[in-house]
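# Per-entry structural report
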Amino acid sequence: MVFTRRPAAVLTAIVAACAMAISLTACTTDANSQDTADDRTTVTSSAPGVVAMFTPSDGITLNQQTPLNKWAKLTPNLTKALTSAGFKKGDISHTTSDSLDKQSRAIQDYVVNHLSGSNTTDDAGIVISPDNITLLVAPVVEADASTRQYGDYVSQELSTADTAEGSDSTDSSDSSNSSDSSDSSTGSDSTDDSSSDASKTVGDSKNAAQAEAVDRLVSSLKLAKESGMHVVLMGNSIKGYKPDAFVRFSDAQAIGKLQAEKIVSKLELSKASKDNPKYIEVLMPYTAVDESSEASDSTFAQEAFRGIWQVLGAYYQKGVVESPSGTLNGNSTEDDWQSVAYDASKEGSTAKVLDARLAKADEHASPTRIDGIIAMNDYIASEVVTELDDLGYTGSAADINPQITISGIVGNITGKKDLSRSDVPDPIKSPEKDDSADSTDSADTQDDSTATDKTDKTKDSQWPLVTGYGAYVSNIPSIVNGKQWMTGIEDRQTLAENIAEACALLNKGQTLTSMSSVRNTEVGGKKKVPTISGPLLAVSASNLKVTLIDPGYISLADAGL
């Protein structure tokens, strides 16, 4: 359907471009001019040109908990960076859409309007050539409830392969429907078939609409590039489409890897031993079934676990890290994500899973020793913190560095003093495995045994490191008091500055090779795409002031201060 309209759209664009070129040659102005390929003169502004942003509308986070990784938080940073790069405020537009269908239509309208000459001047009335226009597009991609907990920037790929599949499935559905109805022999079977067919029809219709929206988006972006405009995709790639540049935000592997690396560093796993291993649990939340009661795509959970295992796998294999629940061991591989995965869409599922994994030997036993819990995102981390408190764990992450106190953390955040650190002494052998007491007399042995038993119980109930991602504002107080040890966030300001620089260079007809933040990568199956990226920021109480408060991402009030 869309292919039949494409020749007409291209023809319209060509006619409009010609008319535009003729009209521009008649103009006289003091603005800078440049020669086009057909030796005609196109009048352009001395300013960097125009930038049009198209982003998804912010989704609703569960229980109204809000991560800082939201489009509504990024666009003000982008606008500020663009104006600093020389763009006029009137030459920067922003359109939000809550569906790919609406977004693809908005982009189509923008491109057609500019090529038809109905909207080709800036706020000063100076004619803007298509090659002085950059489209910043973050494609709307549907995400399940679990994925949305990481914020809006998690990179996903928009597939264009559903076009044929949606059409074929609709045809096969019609055939299947008639076959099912003729084979039905009972009223009950007929009712079940009707319900199944109705659900399938709704799904097929949704797939067809999605496929049409994808095709419209790709056609519009191709038309934009063919006319001379520049296209920069942000966050989400499109399979088979090559933009002028791509902005890579966080992906599942990077999020998992960040948390694992910080756990390794904080617990000093390089110094751990088999005789005194560290105990770490990995929680991998995902949505098992989507809204259509079909199996959800588990790619995000698989990739996140792969990122974790690339860091922690070697320590499990050496035996210096153990899982109290036995879900992971030295024989596990990066494909064993299901061993730690659970359906987080069910209410209370995180508490239930954690309770089972840290189950006591009996009701009189001390809590199961746990040194670290990778919770993946801040929503899950908040549930972990609540459950650990219910299970009887005490203290905070601050206790892992004895010289760092809660008052010291607060003083550092409010700018009163710097933190001092010291490593936590941790014996090569755990007390219960140390045989040095054999040479002592029985009385001393009994006293030492009592003291050791008391120390062991204190160690067992020690609050573990809890990691997350998303920098939920509601979780910041927990980071300050050490209940949640760390979270992660995109470096929005730096990314915005890099994006603005790229837009200015593209509008000047220059490449992005001069940018240190750009390297060529494969995007949507297309190689050598200039890609803007930056490292994720790990945030804990010790650097919260520098990473979140000083840049203005949060206020002291947000931190509970």
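See the structure shown above.
Per-chain numbering applies: the sequence of each chain, read as written, is numbered from 1 onward. The predicted nature of this model means local features are confined to residues of pLDDT at least 70 and side-chain atom pairs, given and counted, to a pLDDT of 80 or more, with totals for whole chains, interfaces and linings taken over all residues. Computation of side-chain values covers all heavy atoms of the structure but excludes hydrogens and water.

## Here we look at the packing of aromatic side chains
Here is the rule we go by: Aromatic pairing here means that ring centres of Phe, Tyr or Trp (its six-membered ring) are within 6.5 Å. Orientation follows from the plane angle: under 30 degrees is stacked, over 60 is edge-to-face, and everything else is tilted. Strands here are runs of E lasting at least two residues and helices are runs of H or I lasting at least four, both read from the DSSP assignment and numbered beginning at the N terminus. Here, a charge over a ring is recorded when the distance from Lys NZ or Arg CZ to the ring centre is within 6 Å and its angle to the ring normal is within 35 degrees.
Inspection of every chain in the model, using the stated rule, returns eight aromatic pairs. Ring geometry for Tyr150 versus Phe300: centroids 4.7 Å apart, planes at 50 degrees, classification tilted. Of this pair, Tyr150 sits in the loop between α4 (145–148) and β6 (157–158) while Phe300 sits in helix α8 (residues 299–318); the two residues are 150 residues apart in sequence, bridging distant segments of the chain. A connected cluster of aromatic rings, assembled from ring pairs, spans Trp71, Tyr153 and Phe249. Between the NZ or CZ atom of Lys318 and the centre of the ring of Tyr315, over which it lies, the distance is 5.7 Å. Lying over the aromatic face of Trp463, Lys483 brings its terminal NZ or CZ to 4.0 Å of the ring centre.

## Concerning the pattern of salt bridges
Put simply, the rule reads: Take a side-chain nitrogen of Lys or Arg and a carboxyl oxygen of Asp or Glu: if they are within 4 Å of each other, that pair is a salt bridge. Type-normalised accessible area, obtained with a 1.4 Å probe on protein chains alone, sets the label of each residue: buried when under 20%, exposed when over 50%, and partly exposed for intermediate values.
Using the criterion set out here, one finds 13 salt bridges in the structure. Here Lys102 and Asp98 are joined by a salt bridge, their closest N and O atoms 3.3 Å apart. The salt bridge involving Lys271 is made with Glu268; its shortest N-O contact spans 3.7 Å. Residue classification places Lys271 among the exposed positions, given a relative accessible area of 54%. Owing to a relative accessible area of 24%, Glu268 belongs among the partly exposed residues under this scheme. Taken together, the shared-partner salt bridges connect Asp101, Arg105, Glu212 and Arg216 into one network.

## Focus on a positive patch on the surface
Our working definition: Distance thresholds for patches are 9 Å for like charges and 5 Å for nonpolar side chains (Val, Leu, Ile, Met, Phe, Trp, Tyr), applied to residues having over 30% relative accessible area and no salt bridge. The protein chains shown are the only cover counted for residues, whose accessible areas, like all others here, come from Shrake-Rupley with a 1.4 Å probe. The charge count treats Lys and Arg as positive and Asp and Glu as negative. His and the chain ends do not count. For this purpose, a charge sits on NZ of Lys, CZ of Arg, CG of Asp or CD of Glu.
Residues Lys222, Lys242, Lys526, Lys527 and Lys528 make up a contiguous surface patch of positive charge. With three residues, strand β18 (residues 526–532) is the largest single contributor of residues to the positive patch. Considering the arrangement of structural elements, one finds Lys527 in strand β18.

## A short note on the packing of helix α2 (residues 71–84) against helix α14 (residues 492–507)
Cut-off, in case you're wondering: Only the contacting stretch of a helix is used when fitting its axis, a line to C-alpha atoms as for every element, and angles between N-to-C directions run 0 to 180 degrees. The cut-offs work like this: below 35 degrees is roughly parallel, past 145 is roughly antiparallel, 65 to 115 is roughly perpendicular, and the gaps in between are oblique. By the definition used in this description, the sense in which the near helix is turned from the far one sets the handedness, with an anticlockwise turn below a right angle giving left-handed and a clockwise turn giving right-handed. Here, residues are in contact when the closest pair of their heavy atoms is within 4.5 Å. Residues are grouped as follows: Ala, Val, Leu, Ile, Met, Phe, Trp, Tyr, Cys and Pro are nonpolar; Asp, Glu, Lys and Arg are charged; all remaining types, including Gly, are polar.
In the contact formed by α2 and α14, the axes pass within 8 Å of each other and the chain directions differ by 45 degrees. In this view, α2 runs oblique relative to α14, as classed from their interaxial angle. Like other packed secondary-structure pairs, α2 and α14 cross with a definite hand, here right-handed. Contacts from Lys73, Leu74, Asn77, Leu78, Ala81 and Leu82 of α2 reach α14 at Arg492, Gln493, Ala496, Glu497, Ile499, Ala500 and Cys503. The class makeup of the residues in the contact of α2 with α14 is eight nonpolar, two polar and three charged.

## Side note on the nonpolar core
Rules: We call a set of buried Ala, Val, Leu, Ile, Met, Phe, Trp, Tyr and Cys residues a nonpolar core when their side-chain atoms join them within 4.5 Å.
Counting residues in each nonpolar core, the largest one holds 38 residues, and the members touching the most others are Met284 and Leu312. Counting residues per element, the ones that place at least two in this core are α7 (252–266), β10 (278–282) and α8. It is α8 that contributes the most residues to this core, ten residues altogether. For Leu312, the contacting residues outside a window of four places in its chain are Ala260, Val264, Leu269, Ile280 and Ile374. Judged by nonpolar contacts, the second largest core, of 31 residues, contains Tyr110, Val111, Leu135 and Ile238.

## Quick word on the environment of Lys527
Under the relative-accessibility criterion, Lys527 is labelled exposed at 62%. Through-space distance from the C-alpha of Lys527 to that of Lys242 is 8.3 Å; in sequence the pair is 285 residues apart. Among residues more than four places away in sequence, those in contact with Lys527 are Lys242, Thr521 and Glu522.

## Here's the deal with the side chain of Asp378
Definition in use: Nitrogen and oxygen atoms within 3.5 Å of one another constitute a polar contact, given that in protein one can donate a hydrogen and the other can accept it, and given that sequence-neighbouring residues count only through two side-chain atoms.
Counting through the fold element by element, Asp378 comes out in helix α10 (residues 378–390). Among buried charged residues, Asp378 stands out as having no salt bridge; its nearest opposite-charge side chain is Arg492, 12 Å away. At a separation of 3.0 Å, a polar atom in the side chain of Asp378 contacts the main-chain amide nitrogen of Ala471.

## A few points about the pairing of strand β3 (residues 50–56)
Applied cut-off: Paired strands, as defined in this entry, are two strands with at least two bridges between them according to DSSP.
Buried residues dominate β3, accounting for seven of its seven residues. Every second residue of β3 is oriented toward a common face, with Val50, Ala52, Phe54 and Pro56 on one face and Val51, Met53 and Thr55 on the other, all of them buried. Across five bridges, β3 lies against strand β5 (residues 133–137) in parallel orientation. Counted as the bridge partner of Ala52 is Leu135 from β5. Bridge count between β3 and strand β4 (residues 92–97): six bridges; the pairing is parallel. The residue of β4 that forms the bridge with Ala52 is Ser93.

## Side note on the sheet that holds β5
Strand pairing in a sheet relies on backbone hydrogen bonds. The paired strands run either parallel or antiparallel. Spatially, the seven strands line up as an open sheet ordered β4-β3-β5-β7-β9-β18-β17, and their pairing is mixed. Single-partner strands in this sheet number two, and they are β4 and β17 (518–523). For this sheet, the mean inter-axis angle between neighbouring strands, taken without regard to orientation, is 30 degrees. Both β5 and strand β7 (residues 230–234) contribute to a ladder of four bridges, which runs parallel. Bridge pairing in β7 links Thr134 to His230. Sheet contacts for α2: β3, β4, β5 and β7; angle to β3, the most-contacted strand, approximately 170 degrees. Together, β3, β5, β7, β9 (245–247) and β18 form the strand contacts of α14, whose direction differs from that of β5 by roughly 145 degrees.

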